Amino acid sequence: MDFLTLAKERYSCRKLTDRPVSEEQIRAILEAGLAAPTACNYQPFKIWVMTSDEALAKVKASCRQQFIQPCPVVFVIGGDTSRAWVRDYDGKNFADVDASIIAAHMMLEIQDQGLATTWIGHFDPKKLGDTFPDMQGYSLIAMFAAGYAADDAVPAEPHTKCRPEEELIQRY
Ligand SMILES: Cc1cc2nc3c(=O)[nH]c(=O)nc-3n(C[C@H](O)[C@H](O)[C@H](O)COP(=O)(O)O)c2cc1C
């Protein structure tokens, strides 16, 4: 599948199954993340992978998104502001930008693996850090519950809502 078709076919899938995903699929998703560029190549990020029942139950308990389970794997991505490039003009720290590029690569590789996911930003990072202490100190920007889509999964209504292109793109 060409990239544009893949990007357009992706939608936020909130109905997954517990059908297992293979270690090869998980590895490909991680490699897609690791292949992403970061500012100055500082690689200021960390990826957490949850596959055990215990870890999946803990993630679900610290997150109100009910569609997170059943699913065979959850990824959490965090930026490390202490390692990231800081732009000297305005002091902007690029940890979240770098981590978001990693996350976008992973999200699209999940799709390319024939799996489905939703980028989840609506979780309490403090609660997650209390549950998984090694996440403390990271800027947690994305959680992906990933797996095979349920047969009756469909895109939610916002998927088709697009602001007019002339508001979003300026050509000179
Ligand atoms: C940074 C970010 C955070 C998001 N957080 C959530 C979330 O917490 N829960 C959720 O159901 N969807 C979340 N989404 C999914 C968006 O709601 C969704 O991408 C948008 O409505 C467009 O729909 P589509 O992905 O199906 O095209 C998030 C998406 C992004 C990019």
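Okay, so let's go over this structure.

Conventions adopted
- Residues numbered from 1 in each chain as written.
- Predicted model: local features only at pLDDT ≥ 70, side-chain atom pairs only at ≥ 80, totals over all residues.
- Near = placed C-beta within 6 Å.
- Nonpolar A, V, L, I, M, F, W, Y, C, P; charged D, E, K, R; others polar.
- Helix = DSSP H or I, 4+ residues; strand = E, 2+ residues; numbered from the N terminus.
- Expected span 1.5 Å × (residues − 1).
- Buried ≥ 20, exposed ≤ 12 C-beta atoms within 10 Å, placed from the backbone.
- Contact = placed C-beta atoms within 7 Å.
- Pairing = 2+ DSSP bridges.
- Core = buried A, V, L, I, M, F, W, Y, C linked by C-beta atoms within 7 Å.
- Axes fitted to C-alpha atoms, helices over the stretch in contact; angles between N-to-C directions.
- Left-handed = near helix turned anticlockwise from the far one by under 90°.

Thoughts on the site of the ligand
Lining the immediate surroundings of the ligand are Y11, S12, R14, Q65, T118, W119, I120, G121, H122, P155, P158 and H159. Of the residues assigned to the shell around the ligand, the class counts are 5 nonpolar, 6 polar and 1 charged.

Section: helix 4 (residues 95–112)
If you check helix 4, its first and last C-alpha atoms are 26 Å apart, about what 18 residues at 1.5 Å a residue would give, namely 26 Å. Turning to helix 4, its buried residues are A95, D98, A99, I102, A103, M106, M107, E109, I110 and Q111. Structurally, helix 4 contributes buried residues whose contacts are with helix 1 (3–9), helix 2 (23–34), strand 1 (45–50), strand 2 (73–79), strand 3 (119–120) and strand 4 (139–146). Looking at the residues trailing helix 4, positive phi occurs at G114, about 80 degrees.

Regarding the pairing of strand 4
Among the 8 residues that make up strand 4, 7 are buried, leaving the element largely enclosed by the rest of the structure. Relative to strand 4, strand 3 runs antiparallel, the two being bridged by 2 bridges. By the bridge assignment, W119 is partnered in strand 4 with F144.

Looking at the sheet that holds strand 4
Read from one edge to the other, the open sheet built from 4 strands follows the order 1-2-4-3, with strand pairing classed as antiparallel. Two strands in the sheet have a free side with no partner beyond their single neighbour: strand 1 and strand 3. Relative to strand 4, strand 2 runs antiparallel, the two being bridged by 7 bridges. Within strand 4, the position partnered with G78 by the bridge is L140.

Examining the nonpolar core
Residues V74, I77 and F144 are the most contacted members of the largest nonpolar core, which totals 36 residues. If you list the elements that add at least two residues to this core, you get strand 1, helix 3 (53–61), strand 2, helix 4 and strand 4. In this structure I77 touches F45, I47, A99, I102, A103, I141 and A142, once residues within four positions along its chain are discounted.

Some words on the packing of helix 2 against helix 4
At their nearest, the axes of helix 2 and helix 4 sit 7 Å apart, and the two run at 145 degrees to each other. Crossing angle aside, the handedness with which helix 2 passes helix 4 is right-handed. Taking contact as the criterion, the partners of A28, I29, A32 and G33 in helix 2 are, on helix 4, I102, H105, M106, E109 and I110. Split into classes, the residues belonging to the contact of helix 2 with helix 4 amount to 6 nonpolar, 2 polar and 1 charged.

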